[in-house]
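Structural features, examined
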Amino acid sequence: VEFKDMKNAIYNDRPIALTEWVRRQLKDQILDCSLAPGARIVEKDLCAKMGVSRTPLREALNRLSQEGLVDLIRHRGYQVTPITVQDLRDLFEVRRIVESESAHIAATRSNPEEITELRRLAELPYLPGDRKTYKTYLRNNTAFHVAVARCTRNARLVSMVRSILEQLQRPIYLGLDVGIDSKRATGEHLDLVKAIEARDPVLARQVMVEQNR
């Protein structure tokens, strides 16, 4: 799909600021590695493809820089943030800490409507070998974990969980060719929902820790 076609579709559906539209399109391509880790961002080319001027593009890149998805290299412009082994270790470590506490708190604060929503989001459909379903799988997984965080009533915690999971999409997406067991992943989500529904914060934390190992 051409950038301009996507822009028209988004504007017709729900008007948003041009800078935000550019940010969303670039973020999508960074997260699914269409813009590869470490790739140099050529502003002139992107402006031509997206049909925008450099002002909204640079504003969008600045926002993505704050999200840790692009880097500004002195005298060279922007590049997609590389993926390093240390970055992965740090992200997985932070995820274990943040999400285990998120599950613990969710088990004490969630309401029946939120439990119903968690159960709805728990399913992770995926067709083995079909790369077209990878992005959907990862987005659905992120949506579930963010929904768990929302049960805490802590907006900062929700933001942290979303940011961590989005940044982890890139290395996970690159490794998805080995295949995933969607039934097992769905089952793990449902186990967590049961612990939260049972109002058992200790079990909810334990389940989340086990799933993040």
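Everything that follows concerns the structure shown earlier in this document.
Residues numbered from 1 in each chain as written. Predicted model: local features only at pLDDT ≥ 70, side-chain atom pairs only at ≥ 80, totals over all residues. Heavy atoms only, no water.

**Description of the overall build of the protein chain**
Within the protein chain, the secondary structure is distributed over 10 helices and 2 strands. Within the protein chain, contacts between residues separated by at least 24 positions form 72% of all contacts whose residues are at least 6 apart in sequence. By element, 51% of the accessible surface of the protein chain is carried by carbon and sulfur atoms, the whole surface being about 11900 Å². (Helix = DSSP H or I, 4+ residues; strand = E, 2+ residues; numbered from the N terminus. Contact = heavy atoms within 4.5 Å. Areas by Shrake-Rupley, 256 points an atom, 1.4 Å probe, with all protein chains shown as cover.)

**Quick notes on the nonpolar core**
Ranked by size, the top nonpolar core spans 19 residues in total, and within it Val22, Leu26, Ile30, Ile41, Leu57, Leu61 and Val70 carry the most contacts. When residues of this core are traced back to their parent elements, those giving at least two are helix H2 (18-31), helix H3 (43-50), helix H4 (54-66) and strand E2 (77-80). In terms of nonpolar packing, the next biggest core, distinct from the first, is built from 18 residues, Ala103, Ala122, Val148 and Met208 among them. (Core = buried A, V, L, I, M, F, W, Y, C linked by side-chain atoms within 4.5 Å. Buried < 20%, exposed > 50% of the residue type's maximum accessible area, 1.4 Å probe, protein only.)

**Concerning the packing of H3 against H4**
Across the interface, H3 lies against H4 with an axial gap of 10 Å and an inter-helix angle of 115°. Considering the angle they form, H3 stands roughly perpendicular to H4. Both H3 and H4 take part in a crossing whose hand is right-handed. Contact residues: H3 offers Glu43, Lys44, Leu46 and Cys47, while H4 offers Arg54, Leu57, Arg58 and Leu61. When its residues are assigned to classes, the contact of H3 with H4 shows 4 nonpolar, no polar and 4 charged. (Axes fitted to C-alpha atoms, helices over the stretch in contact; angles between N-to-C directions. Parallel < 35°, antiparallel > 145°, perpendicular 65-115°, else oblique. Left-handed = near helix turned anticlockwise from the far one by under 90°. Nonpolar A, V, L, I, M, F, W, Y, C, P; charged D, E, K, R; others polar.)

**A look at the pairing of E2**
Here 4 bridges tie strand E1 (residues 70-73) to E2, and the two strands are oriented antiparallel to one another. By the bridge assignment for E2, leucine 72 is matched with tyrosine 78. Between E1 and the antiparallel strand that follows it, E2, lie 3 residues; histidine 75 among them carries a positive phi value of about 70°. (Pairing = 2+ DSSP bridges.)

**Observations regarding helix H7 (residues 134-150)**
For H7, with 17 residues, the first-to-last C-alpha span of 24 Å sits near the 24 Å given by 1.5 Å per residue. Listing the buried residues of H7 in full gives Tyr134, Tyr137, Leu138, Asn141, Thr142, Phe144, His145, Val146, Ala147, Val148 and Ala149. Lining the buried residues of H7 we find helix H5 (85-109), helix H6 (112-121), helix H8 (155-174), helix H9 (182-197) and helix H10 (201-211). (Expected span 1.5 Å × (residues − 1).)

**Comments concerning the packing of H5 against H10**
Contact geometry of H5 with H10 gives a least axis separation of 8 Å together with a crossing angle of 150°. Classified by the angle between their axes, H5 and H10 sit roughly antiparallel to one another. The handedness of the crossing between H5 and H10 is right-handed. Only Pro201, Val202, Ala204, Arg205, Met208 and Val209 of H10 make contact with H5, whose side of the interface consists of Glu99, Ser100, Glu101, Ala103, His104, Ala107 and Thr108.

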